[in-house]
Amino acid sequence: MIALEEHTPEDRAARERLDARAEAMLERTLGWARMNTGSWNTDGIKGFAPGLADAFAELEADIRLDPPAPIETVDAKGHSHEIETGPILRVAARPQAPVQVVMSGHYDTVFPPGTFEDIKDLGEGRINGPGVADMKGGLVVMLEALKAFEASALKDRIGYRIVVTPDEEIGNFASAHALKDAAQSGAQIGMTYEPAMESGAMSGGRKGSAVYDIVLHGRAAHAGRAKEEGRSAIAAAAELALGLETLNGAREGVSFNVGRIDGGGAVNIVPDIAVVRFGARAPDAQAARWAQGEVERLMARALERDGITGHLHGGFYRPPKPRNGAQQALFEAVAGTGRALGLSLEFQDTGGVCEGNNIFAAGVPNVDTLGVVGGRIHSAEEYVVTSSFAERAALSAFILNRLADGRIDGAKIKALMG
Ligand SMILES: [Zn+2]
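Presented here is an overview of the structure given in this document. (Residues numbered from 1 in each chain as written. Predicted model: local features only at pLDDT ≥ 70, side-chain atom pairs only at ≥ 80, totals over all residues. Heavy atoms only, no water.)

Brief notes about the pairing of strand 8 (residues 158-165)
Extensive coverage of strand 8 is indicated by the burial of seven of its eight residues. As paired strands, strand 4 (residues 88-93) and strand 8 are joined by five bridges and run antiparallel to one another. When the sheet's bridge partners are listed, leucine 89 is paired in strand 8 with valine 164. Note: strand 5 (residues 99-106) against strand 8, eight bridges, orientation parallel. Counted as the bridge partner of serine 104 is valine 163 from strand 8. (Buried < 20%, exposed > 50% of the residue type's maximum accessible area, 1.4 Å probe, protein only. Helix = DSSP H or I, 4+ residues; strand = E, 2+ residues; numbered from the N terminus. Pairing = 2+ DSSP bridges.)

Following this line, the structure appears as structure tokens:
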């Protein structure tokens, strides 16, 4: 069989086509970057979605905009609220094909309206703008790679489901069900379009990430006349926060961070409410279970305090994505494919999380930094390397070609998940 590193006629056709699309890819990305889709900008998100769906209608696939699940938030008084975001784009093609792939990306950004909206040419093949790398550029790369693949005779070998979400930057709470559903519809391999690093390197192992809100209720009393009748929710919260911070270092790779405490009111009133908001990271499933157990232990200890009640919200919304046998085999296949394009791709472990964590948790090995090359993401200096549009779209098209012609065996890689 022809090697991963060699070119088939389909590879050459995809390369040529995508080189010719480089300018169009950049233009579409900049057009999308000009439309604000900050995660909480529900109007902007809803306004953007129909154009996104129109673009994906260029594929030979069924397109749907589905309503998202509501996002639960806990306010400073400990009350839960539901917030609505925009639709989830779901695309499906050829469910009977022998090879099935799940692809994902997000169309929200971290930038609220009015914070970072300008697009600037930085010279030397770099363009600065909101979401140009993370990840409107990535969405364009995904779409063009699929169009190139669908132009080839190998098309019928691969079916796919795509999920493009409105809420990745705030944790995928509205769209996690759609990612899971798409991944578990028979997918062998997952492909997600977060940006590659400035060096061109991609992400390897990822930790899992949890967010929690612990609501504690005490009893209010006048601090001067009847302090002894009060039960301080803030005292309970303070003990809990110290307990969480003390866990740092207790287990390899696990960390806790108390990010915020809400509560109380006037200084002459014993506070009857406090909300402790914190995050946790863990490198693998056992470590995540340990972390969850420690949170529950500290919560139980807080509730043992006289007059304190409360409840716990949250958990590991993105489970860990360690380098297991399946991930390692997939990374090697992608690295081999990269060599066909003259790229030497490296995979670096990171504490950051993305939709690749969700897809891994659904049982599908995946590579999650197939988008453009860029840098300074989540800052007003975010930029994209313009030459990476054609290069990274070709990388995806080449991966699809190899999955289709058997040079990459998706079923075999998935079987290594155990
Ligand atoms: Zn992103």
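Quick look at the coordination of the zinc ion
Summarising the metal site, the zinc ion is bound by the protein donors His106 (NE2), Asp134 (OD), Glu194 (OE) and Glu194 (OE), whose distances to it range over 1.8 to 2.6 Å. With four donor atoms in place around the zinc ion and angles of 53 to 146 degrees between them, the coordination shape is irregular. Spacing between the donor residues of the zinc ion along the chain follows H-x27-D-x59-E. With histidine 106 in strand 5 and glutamate 194 in the loop between strand 9 (189-192) and strand 10 (202-206), the pair connects residues that are 88 residues apart, well separated along the chain. Overall, the relative accessible area of 8% leaves glutamate 194 in the buried class. (Donors = N, O, S within 2.8 Å, 3.2 Å for Na, K, Ca; no water. Tetrahedral: all angles 85-135°; square planar, octahedral: opposite > 155°, others 65-115°.)

Here's the deal with the sheet that holds strand 1 (residues 62-66)
Taking strand neighbours across the sheet as the criterion, the six strands line up as 1-4-8-5-9-16 in an open arrangement whose pairing is mixed. On the outer flanks of this sheet lie strand 1 and strand 16 (366-367), each paired with one strand and no other. Those strands touched by helix 10 (residues 388-405) are strand 5, strand 8 and strand 9, and its axis lies near 170 degrees from that of strand 9. (Contact = heavy atoms within 4.5 Å. Axes fitted to C-alpha atoms, helices over the stretch in contact; angles between N-to-C directions.)

What about the pattern of salt bridges?
Counting across every chain of the model gives 27 salt bridges. Here glutamate 168 and arginine 318 are joined by a salt bridge, their closest N and O atoms 3.3 Å apart. Note that glutamate 168 is positioned in the loop between strand 8 and helix 5 (176-183) and arginine 318 in strand 14 (residues 309-318), a separation of 150 residues in sequence. Arginine 318 carries the same exposure label as glutamate 168, and that label is buried. Where arginine 277 meets aspartate 213, a salt bridge forms, and the shortest distance between an N and an O atom there is 3.0 Å. Taken together, the residues arginine 277 in strand 13 (residues 273-282) and aspartate 213 in strand 11 (residues 208-217) connect sequence positions 64 residues apart. Classification of arginine 277 as buried rests on a relative accessible area of 16%. (Salt bridge = Lys/Arg side-chain N within 4 Å of Asp/Glu carboxyl O.)

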